[in-house]
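Residue strings, one per chain:
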Amino acid sequence: MPDLEKFREEAREWLEANCPESIRKPVSGEDDIVWGGRNWVFKSDDQKIWLDRMAERGWTVPEWPKEYGGGGLSKEEAKVLKQEMARIKAPPPVNSFGIWMLGPALLKFGSEEQKREHLPPICRGEIRWAQGYSEPGAGSDLAALQTRADDKGDHYIVNGQKVWTSYADECDKIFCLVRTDPSAPKHEGISFLLIDMDQPGVTTKPIRLISGKSPFCETFFDDATAPKENLVGELNKGWTIAKYLLTHERAMIGGMDSSQVLGRSPGEIAADTVGRNSEGELADSFLRSDIARSDVDGWAFMLTMERYRDKSKAGEGVGAASSGLKYYGTELNKRRYELSMSASGFNALKIGDGIDSEEGEMARRWLRTKANSIEGGTSEVQLNIISKRILELPDA
Amino acid sequence: MALVLNEDQEMLRDAARGFLRRRSPVSELRRVRDEQVEGGFSRDIWREMAEQGFAGVLVSEEYGGSGFGHVAAGLIANEMGRTLAPSPFLSSAVLGAAALGRAGTDGQKGEYLPGIAGGELITAMAVDEGDKHKPEHVTLKAEKSGNGFKLTGAKTFVADGGAADLLIVSARTAGADEDQQGVTLFLVPADATGVTINTTPTVDNRNYADITLDGVEVDGDAVLGEVDNGFVLLESVLNAGRSVLAAEMEGLAKESFDMTVDYLKTRKQFGKIIGTFQGLQHRAAHLWTELELVESAVLKALQTLDENFDGAGAIAALAKAKAGSVARLATQEAIQMHGGIGMTDEHDIGFYMKRARAADELFGDADFHAGRIAMLRGY
Ligand SMILES: Cc1cc2nc3c(=O)[nH]c(=O)nc-3n(C[C@H](O)[C@H](O)[C@H](O)COP(=O)(O)OP(=O)(O)OC[C@H]3O[C@@H](n4cnc5c(N)ncnc54)[C@H](O)[C@@H]3O)c2cc1C
């Protein structure tokens, strides 16, 4: 494929010339991740330069169409770009729920005006979106949600409460599931609405997590307003969009490659802490076999992601199998962090604001991984989906 | 190479599936067991399998095979796993064909490969000497004698050893008992003077044998590959065998899983279909994800063998480790979810668990191969 090789050369040259030296390093902590938005404070000038240059090329979201701020690249080209970025350790210039979730939903269900209005600011990292799905009474049973939007002619009035809204206190806008027909069966009265958070009717209250951080909030709507043109798709047909978006979210969460973020694998860490026997094997044979089994599963899991990608390239939908990825990938990630903690020993237990070491970070991340099998639909919910949609086992 | 099957491969799989369901369903294994069929499989059916092209799948066209390669061999093994078809496919069509095809002289290839491809000549790989797989542990001695060698020692758990016409034997020509250097492979006719073959009944009702060689004289032509440097060849050939065996385990695990999911949809207790119980649903769903991982690892291993035969060590270890542990899990869960009926000899499901156990053990179990991966990753 000579075209692809030509693209690789161009990408390599451009990245070399445009990616600032100072940010070419593995993502090692929260501070290295850029989320963008009006409230964003860049940690360095180079972070901003990198984002602006990539956004100008459309490479913050390489596969979206050019007219909406994307790069218009094919799947193959995007893969090459990713490889070339990894080669020089260039981090993603911006991450966001806009890129991972709202964007794909708008591209499929949004009107032309909505795409033109909302997608380019996502690509440029100017607007940061929150996800307003869960409520105090609607977690796994998401369709039980009660936040309501009442029709007031040219706009809706929104009242209710969302919870576990990640980064809501830092976000500019929120995509929400709201009840627009309280009398309809629970899946049929839900709509997908975009709401500006910069208004008196929307307030947020941070919730502190077991890691000590407060990355998510309660979000309250008291007579908040949203213009009619912010309804995505048809009225009362929001559940279809919600489900579509969740498939993307699940594939994304399941596919998070912990080994890359972590820097060192549990096997490498353990070699330092427990030492080796005369054969070169880890001196702790129980730990060694646990790590080896998790490496077997981790490698087979990576190959499964590769196989699904190849399947979808060959035109076969992956569908409910994304629940399998979500379930297995997150459980695996938790397992790996448990092993990393065991491998690190006392060192991994150090935590506190002052400690920036790999060790302090390790404990926080270990704690964070426990959410992986809860957020985006719990492991049990994924197993329910596999039972019903793939194995076609009957309902209780 | 994309990790999906192409059209030719899908056709081959469908053809193999059709043939095996018709000619060698589980009832055939049951018959072989009940009638104590000599050699552990039906010669007639093996001949028909050869006509279907199974026996020659790794033999080049020049020597009467199809040369379809390892992905194809894996697809056949997968279907054989689904019906637990007893045959010398692994020993002869995979290990024998790979060993001779890779390292045979023109003379050796011409002498043996057409017979392998035609299903008339059956080979067996005599590697292990102890109760756990350890290919570098070779004490069977081969001493220079005239212009040939004299072989003395014993091998155990030789798959299809009781039916083989030709044994491929790892022997020590130099070095200490556990050295990789100093291992040589020999081609030894099963009827050579000094060869004693004792078949051992095993839980999977397949044919294994303990073999002793007591001063067996072979000439120089009997060496396969290089003298003293046979270990690398042995490992490459075993990796092909391990990967194809992993494919067989994938097939048997999936079949036992399918049978179980079907049962969950029909059996009633407490006035309900048992498949409505979430405790069972989740176990089934978890198994499904594990089987997806097995499929990926196995396909990658088979593709790697086709692309770079000698570079498949790590991925073959992955496939064998993952398939072995999941096949055991899937078949045990299958029995549990069948309840009492799963414990009866009359039901087929037990045969699956027995074969999973034996296939996992053969050429290194899941722990053995996980340990290899640990070693390759530097811990
Ligand atoms: C870090 C983090 C970030 C999040 N970010 C967001 C966000 O940005 N926006 C947003 O909208 N939401 C967010 N969430 C919320 C998340 O989607 C919910 O927590 C999740 O869907 C589970 O709901 P719940 O917490 O109410 O738990 P519950 O639904 O109350 O579950 C409790 C337990 O019961 C089990 N359970 C429930 N139903 C069943 C069933 N039918 N069968 C078997 N077991 C069942 C669950 O698996 C779980 O183990 C986030 C959550 C976390 C942890």
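As the structure is a computational prediction, the values presented were derived from the model and not from experiment. In this convention, every chain numbers its residues from 1, walking through the sequence in written order. Starting at A for chains and at 1 for ligands, labels are handed out in the order in which the entities are written. The predicted nature of this model means local features are confined to residues of pLDDT at least 70 and side-chain atom pairs, given and counted, to a pLDDT of 80 or more, with totals for whole chains, interfaces and linings taken over all residues. As a rule here, side-chain values cover all heavy atoms of the structure and leave hydrogens and water aside.

**Digging into a negative patch on the surface**
What counts here: Residues forming no salt bridge and having over 30% relative accessible area are the ones grouped into patches, like charges within 9 Å of each other and nonpolar side chains (Val, Leu, Ile, Met, Phe, Trp, Tyr) within 5 Å. To measure how exposed things are, a 1.4 Å probe is used in the Shrake-Rupley method; for residues, cover is taken only from the protein chains shown. A pairing counts as a salt bridge when a side-chain nitrogen of Lys or Arg comes within 4 Å of a carboxyl oxygen of Asp or Glu. Charged residues are defined here as Lys and Arg on the positive side and Asp and Glu on the negative side; His and the ends of the chain fall outside this count. Where a charge lies is defined by one atom per residue type, namely NZ (Lys), CZ (Arg), CG (Asp) and CD (Glu). To qualify as a helix, a DSSP run of H or I must reach at least 4 residues; to qualify as a strand, a run of E must reach at least 2; elements of each kind are numbered from the N terminus.
Side chains of E316 of chain A together with E7, D8 and E10 of chain B sit close together on the surface and give a patch of like negative charge. By the element assignment, E10 of chain B lies in helix α1 (residues 7–23).

**Things to note about the confidence of the model for chain B**
Keep this limit in mind: Per-residue confidence from the predictor is reported as pLDDT, a score between 0 and 100.
For chain B, per-residue confidence averages 97 on the pLDDT scale, and residues scoring 70 or more make up 100% of the total. Across the interfaces of the predicted complex, the ipTM metric reaches 0.96, alongside a pTM of 0.93.

**Quick look at the site of the ligand**
Rule in force here: For each residue, the test is whether any non-hydrogen atom lies within 4 Å of the molecule or strand; if one does, the residue is near. Contacts described as polar in this section are N or O atom pairs within 3.5 Å, which, within protein, must combine one atom able to donate a hydrogen with one able to accept it, while residues neighboring in sequence count only if both atoms come from side chains. Under the convention adopted here, Pro, Cys and the residues Ala, Val, Leu, Ile, Met, Phe, Trp and Tyr are nonpolar, Asp, Glu, Lys and Arg are charged, and Gly plus all remaining residues are polar.
The environment of the ligand is made up of 19 residues, and the closest members are S134, S140, W164, T378 and E380 of chain A. Surrounding the ligand are residues belonging to chains A and B, so the site spans chains. Within the contact set of the ligand, an oxygen atom lies 2.7 Å away from a backbone nitrogen or oxygen of S134 of chain A. One of the side-chain N or O atoms of N384 of chain A is found 3.2 Å from a nitrogen atom in the ligand. In isolation the ligand has 980 Å² of accessible area, and contact with the protein removes 68% of it. If you list the elements that add at least two residues to the shell around the ligand, you get β3 (155–166) and α12 (379–390) of chain A. Broken down by class, the residue content of the shell around the ligand amounts to six nonpolar, ten polar and three charged.

**Let's talk about the packing of aromatic side chains**
Residues and elements named next belong to chain A. Put simply, the rule reads: Here a Phe, Tyr or Trp ring, Trp counted by its six-membered ring, pairs with any other such ring whose centre lies within 6.5 Å, and the pair is stacked when the planes are under 30 degrees apart, edge-to-face when over 60, and tilted otherwise. Between buried and exposed lies partly exposed: a residue is buried under 20% and exposed over 50% of the maximum accessible area for its type, with that area taken using a 1.4 Å probe on protein chains only.
Throughout the structure, instances matching the rule amount to 17 aromatic pairs over all chains. An angle of 85° between the planes, with centres 5.8 Å apart, marks the rings of W35 and W100 as edge-to-face. Here the residue W35 occupies a position in the loop between α1 (2–18) and α2 (45–57), and W100 occupies one in helix α4 (residues 97–109), the gap between them amounting to 65 residues. Look at W35 and you get buried, because its relative accessible area is 9%. For W100, a relative accessible area of 26% corresponds to the partly exposed category. With 6.2 Å between their ring centres and 40° between their planes, F97 and W100 make a pair best called tilted. On the criterion of helical spacing, the pair formed by F97 and W100 is a turn pair, its members being three residues apart in helix α4. Taken together, the ring pairs connect W35, F97, W100 and Y167 into an aromatic cluster.

**A short note on the domain arrangement of chain A**
Residues and elements named next belong to chain A. Under the convention used in this document: Domain delimitation follows an automatic or database domain assignment. The criterion used for residue contact is that any of the two residues' heavy atoms lie within 4.5 Å. Buried area: the accessible area, evaluated with a 1.4 Å probe, that two parts lose upon being put together, summed over both parts.
When its domains are assigned, chain A resolves into domain 1 (2–95), domain 2 (129–237) and domain 3 (255–390). A separation of 32 Å is found between the C-alpha centroids of domain 2 and domain 3. Contacts between the two partners involve four residues from domain 2, matched on the other side by five residues from domain 3. Counting the surface lost from both domain 2 and domain 3, the interface buries some 430 Å², and carbon and sulfur atoms represent 70% of this. Seen at the junction of domain 2 and domain 3, the total is zero salt bridges. One can count zero residue pairs in polar contact (both at pLDDT 80 or more) joining domain 2 with domain 3. Looking at side-chain class alone, the side of domain 2 that touches domain 3 contains one nonpolar, two polar and one charged residues.

**Observations concerning the interface of chain A and chain B**
Between chain A and chain B, the contact holds 39 residues from the first and 40 residues from the second. With both chains or domains summed, chain A and chain B bury close to 3,500 Å², and 65% of this area falls on carbon and sulfur atoms. When the buried area of chain A at its contact with chain B is split by residue, W299, R307 and L391 of chain A rank highest and sum to 19% of it. The salt bridge involving K322 of chain B is made with D297 of chain A; its shortest N-O contact spans 2.6 Å. Run the count over chain A and chain B and you get 24 residue pairs in polar contact (both at pLDDT 80 or more). Sorting the residues of the side of chain A that touches chain B by element identifies α9 (285–313), α10 (321–344) and α12 of chain A as the ones contributing at least two each. The dominant element in the side of chain A that touches chain B, judged by the number of residues it contributes, is α9 of chain A, at 17 residues.

**Considerations on α10 of chain A**
All names here are of chain A. The cut-off we apply is this: What a helix is expected to span follows from its residue count: subtract one and scale by 1.5 Å.
The first and last C-alpha atoms of α10 sit 34 Å apart over 24 residues, in line with the 34 Å expected at 1.5 Å per residue. Of all 24 residues in α10, 20 are buried, a share of seventy percent or more. The positive-phi residue at the C-terminal boundary of α10 is G345, with phi of around 70°.

**A few points about the packing of helix α5 (residues 89–103) of chain B against helix α7 (residues 230–266) of chain B**
Residues and elements named next belong to chain B. We count it as follows: An axis is simply a line fitted to the C-alpha atoms; with a helix, the fit covers only the stretch in contact. Between two such axes, the angle follows the N-to-C directions and lies from 0 to 180 degrees. Crossing handedness is read from the near helix: turned anticlockwise from the far helix by less than a right angle, it gives a left-handed crossing, and turned clockwise, a right-handed one.
For the pair α5 and α7, the least separation of the axes is 9 Å and the interaxial angle reads 145°. Once α5 is placed against α7, the crossing between them reads as right-handed. Every residue of α7 that contacts α5 at F89, L90, V94, L95, A98, A99, R102 and A103 is listed here: L233, V237, L238, A240, G241, V244 and L245. By residue class, the composition of the contact of α5 with α7 is 13 nonpolar, one polar and one charged.

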